[in-house]
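What follows is each chain in one-letter form.
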Amino acid sequence: QSGARLYASRPAGFGLESGAGAEVDPQRITWNPVAATPTIGYLDRETSGEETRLRWLSVSFPFKSEPAEIAASARAIVQFGWTSAGTPYYSTRSDDGATTRVYVVIDGVSKEIWQGNVTDRYNDPGRALRIDGSDGPALEVAGRVFLAGDGLGPDGPRPFLEELDLATAQKKSLFTADDGVFEEVLAVLDPRGPVLLTSRETESSPPNLYRVEGNQRTALRPLASPYPALESVERRRVNYRRGDGVALAGTLYLPAGWDGANPLPTLIWIYPYEFADREHAEQLDVRNFRFHQVTGPSPLAAVLAGYAVLVNPTMPIVDEGNDVEESYLRQLVDSAEAAVDYLVDAGISDPERVAVGGRSYGAFSTANLLIHSQRFATGIAMSGAYNRTLTPFGFQHEKRSFWDATSLYMSISPFFHANKLRVPLLLVHGGADPNPGTPTLQARRFFHALAGEGATVRYVELPIEGHKYLARESVLDAAAEMISWLHETIGPHATTGRQTAGAVSRE
């Protein structure tokens, strides 16, 4: 049968649209799981003068009738769909990206059931459990959905499960993890009990699946530690403040057998986040009670090689009345140097042998720290963006275009300051990175700029790999490059903490 076009895409993205209309993706559709005939929902844009609103429309097989409007919003619709019982729901985001609202549609009327700040982690309502893990429609039973969250607070996380009545927006607590344990609810096996499927872990016990009914908890399988080599290392939560008084924290790993007599060479692994205010920036998310988080070429490999490793120290970039990115460099440097000062003052780190590293936005920030701070002897940058003029219509929380904020784009792009880098840098990148902000070209050109300016730089390109490295060979190779680089720049093979050798590329 010949196909019938329901609607046509319009030019969008690349700075052509802003506000609610910019969120329309013509490929986003969702299926109604309980409709008598196959029914799809999709978003369309309606413009009247200078006003734009998004319409959530639906149409049923044979898809020849006029689409029916489920809901409409002047704000960007970021999620939409039907629950397992057929109740429509959707969420919107404000133009500045700060506020999220969640609605259900009952008897044709949109009813707001929650709103909040996206950076307010202490008041996160959780996520609606679905009927098929992370896929499928949200589970609805007798007008209720089930919200599972981490329950993050000042003392760490307390995962929970709540029941939300869609008609009244009233909540009822069904489960809260024990103190000192990270146990998150993955699924509701039977809502009448309820009978739950959870993942339970502690600092010393790896995540395992459990069937929970009342006070009865049954492990579904025996599970040995996947990282026995990490059992002998020491892990600490550390707290400190930066110069402007903002509270910071991180997770510190120390190698087995270290007696504290001599300061250690140290790796600090970073990823900054933006916040609208100081209150939310100080909502610490260091994930107490969790087992070791090892993903890809993990910086934790360095602790097994004899280095102190500070993982994900909080590095908030707080909006101080101007655009959040305006003070990015200053707050980035202040946060990083506060971490170094803490580690040095505590007798943990040798101030001449501190490395900084990160992936993606963390790699971009690593390069900036090597250029704008004097505290680091070397750096490791994986899958980063180094020239922001190649992302001219915004990045992270920066919404202005390159032409609206030219000086900012240039000032925070490490590429434009390649001639100022005076310490060694290891660049690692996937050879087929599809991420629009971090194409492989970013790393290649930054390497060329550094090499041309006589910097000490090594470039490793992993064939076929994307933004994240998945192949076993790639992960092990990247980890080996990281350890070898640390050894040669701040470790046992380094003649000084600040080497000045030439450039090399391995593609």
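In what follows, the accompanying structure is described. Treat the numbers as computed from the prediction; the structure is a model and nothing was measured.

### Observations regarding the sheet that holds strand β2 (residues 39-48)
Phase 1: Strand order in the open sheet formed by four strands is β1-β2-β3-β4, and the pairing between neighbours is antiparallel. In the strand order of this sheet, the two ends are held by β1 (29-31) and β4 (68-73), each with one partner. Strand-to-strand, the axes of this sheet are offset by a mean angle of 30 degrees, without reference to chain direction.
Phase 2: Relative to strand β3 (residues 51-60), β2 runs antiparallel, the two sharing ten bridges. By the bridge assignment, Tyr42 is partnered in β3 with Leu57.

### A look at the packing of aromatic side chains
Phase 1: The tally for this structure, following the rule as stated, stands at 19 aromatic pairs.
Phase 2: Aromatic side chains Phe61 and Phe63 sit 5.8 Å apart centroid to centroid with 90 degrees between the ring planes, which places their arrangement in the edge-to-face category.
Phase 3: With a relative accessible area of 22%, Phe63 lands in the partly exposed category.
Phase 4: Here the aromatic rings of Phe415 and Phe416 are separated by 5.9 Å at their centres, their planes lie at 80 degrees, and the arrangement is edge-to-face.
Phase 5: Three or more aromatic residues joined by ring pairs make a cluster, and in this case those are Trp56, Phe80, Trp82, Tyr90 and Tyr103.
Phase 6: Against the face of Phe182 rests Arg290, its NZ or CZ located 3.9 Å from the ring centre.
Phase 7: The ring of Phe395 carries Arg388 above its face, with NZ or CZ at 4.4 Å from the centroid.

### Digging into the sheet that holds strand β8 (residues 109-117)
Phase 1: If you trace the four strands from one edge of the open sheet to the other, you get β5-β6-β7-β8, paired in antiparallel fashion. At either end of the open sheet lies a strand with only one pairing partner, and these are β5 (76-82) and β8. Strand after strand, the sheet turns through a mean of 20 degrees between neighbouring axes, direction not considered.
Phase 2: In terms of strand pairing, strand β7 (residues 99-106) meets β8 through eight bridges, oriented antiparallel. Its bridge partner being in β8, Val105 is matched across the sheet by Ser110.

Parameters at a glance
- Residues numbered from 1 in each chain as written.
- Predicted model: local features only at pLDDT ≥ 70, side-chain atom pairs only at ≥ 80, totals over all residues.
- Heavy atoms only, no water.
- Pairing = 2+ DSSP bridges.
- Helix = DSSP H or I, 4+ residues; strand = E, 2+ residues; numbered from the N terminus.
- Axes fitted to C-alpha atoms, helices over the stretch in contact; angles between N-to-C directions.
- Phe/Tyr/Trp six-rings, centres within 6.5 Å; stacked < 30°, edge-to-face > 60°.
- Buried < 20%, exposed > 50% of the residue type's maximum accessible area, 1.4 Å probe, protein only.
- Lys NZ or Arg CZ within 6 Å of the ring centre and 35° of its normal.

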